[in-house]
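Read off the chains here:
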Amino acid sequence: GAVVSQHPSRVICKSGTSVKIECRSLDFQATTMFWYRQFPKQSLMLMATSNEGSKATYEQGVEKDKFLINHASLTLSTLTVTSAHPEDSSFYICSARDKEPGLEQYFGPGTRLTVT
Amino acid sequence: RKEVEQDPGPFNVPEGATVAFNCTYSNSASQSFFWYRQDCRKEPKLLMSVYSSGNEDGRFTAQLNRASQYISLLIRDSKLSDSATYLCVVNGAGNMLTFGGGTRLMVKP
C-alpha cells in the first residue's frame, strides 16, 4: 500500500527557533502533498497544498512567510515553521496524493511540535 | 455553514452493537467521498471509499444519498478496537479533500 513517512515524529523547540518537518512518499510518486494542522480535540485544518516544482498554495489565514513549504521532488515535501511560538504547538500531518488517478490521500504519521 | 458536517459524538456503545454515523456536505458538485478513521494522537487512515450504489467491507457499510447530500457509515457487531474518531471526507472546490470534524466512537466491554 501507499506509505508516507514524516520526520521527526516529535520535536520540542524553544520560542524563536525554526523547525523543519519532512514528508516523504516511500513507494509512490506524489505530485501533490498537503500539510495539515490539528489542535487537540479539533478537526484537521488544511494549511497548504504543495505541488512538485511550484510554489505552495496556502489556505486563508496561514502565513506563507512563517510556514515555508518546499516540494523539491516527487517524493519529498518539507514544512519549516520559522520563528516558532508556543501557539504554533500542534500536531502537523502531511499527506500525499498518488500521481495516478484517484483522490485518496495517504497520511504521514504526524509530527507533534511543542514550542516552549 | 461548514462544508462537511458531522455529529461530534461521542457515541458510547456496547460491544456487539450496531452504530451508524451520518455526515452532510454542502457542495453539490462533489464527486468523491470517503470515510477515514483516526485513532487518538495518530494520523487518519482511509477506512473506505463511498460509492453511489453503496458499498460494504466486512462489518462496515457506507451509503451515499446525492439528492440529500448525505453520507452514512454503519458498523455492525462493534469491537473494542473500533473505538476511534471517524472522519467524513468529501472532495470540494478544486478537487481538494475537505474533512468533517469527526465523530468519536467509544465501544465499551
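Structure: see above.
In this report, we go over the structure that sits alongside the text. A quick note: this is a predicted structure, and the numbers were derived from the prediction, not measured. (Residues numbered from 1 in each chain as written. Chains lettered and ligands numbered in written order. Predicted model: local features only at pLDDT ≥ 70, side-chain atom pairs only at ≥ 80, totals over all residues. Heavy atoms only, no water.)

Re the overall build of chain B
The cut-off we apply is this: Only DSSP runs of H or I reaching four residues or more are called helices, and only runs of E reaching two or more are called strands; each is numbered from the N terminus. The reference for a compact globule is 2.2 Å times residues^0.38; the radius of gyration itself is calculated from the C-alpha atoms. Relative accessibility under 20% of the residue-type maximum defines a buried residue, over 50% an exposed one, and the middle range a partly exposed one, all with a 1.4 Å probe and only protein chains included. The contact criterion used is simple: two residues touch if any of their non-hydrogen atoms lie within 4.5 Å. For every accessible area listed, the method is Shrake-Rupley and the probe measures 1.4 Å; residues are considered covered only by the protein chains on display. Asp and Glu count as negative and Lys and Arg as positive, but His and the ends of the chain are not part of the count. The location of each charge is read from NZ of Lys, CZ of Arg, CG of Asp or CD of Glu.
The number of helices and strands found in chain B is zero helices and eleven strands. Listing every helix and strand of chain B by position from the N terminus yields β-β-β-β-β-β-β-β-β-β-β. Computed over the C-alpha atoms, the radius of gyration of chain B is 13 Å, within 12% of the 13 Å expected from 2.2 N^0.38 for a compact globule of 109 residues. Judged by the C-alpha coordinates and their principal axes, chain B covers about 40 × 30 × 20 Å. By residue count, 48% of the 109 residues in chain B fall in the buried class. Counting only contacts in chain B whose residues sit at least 6 apart along the sequence, the fraction spanning at least 24 positions is 55%. For chain B, the exposed surface amounts to about 5,400 Å²; the carbon and sulfur share of it is 48%. The averaged location of the 10 negative side-chain charges in chain B is 4 Å from the averaged location of its 12 positive side-chain charges.

As for the sheet that holds strand E6 (residues 55-57) of chain B
Residues and elements named next belong to chain B. For the record, the criterion: At least two DSSP bridges between two strands are required for those strands to pair. Angles shown run from 0 to 180 degrees and are taken between the N-to-C directions of axes, each axis being a line fitted to C-alpha atoms and, for helices, limited to the stretch in contact.
One open sheet holds the five strands; their spatial order is E1-E3-E8-E7-E6, and the pairing between them is antiparallel. Of all strands in the sheet, those with a lone pairing partner are strand E1 (4-6) and E6, marking the two edges. When strand polarity is set aside, the average angle formed by the axes of neighbouring strands in this sheet is 20°. Looking at chain direction, E6 and strand E7 (residues 60-65) are connected through three bridges and run antiparallel.

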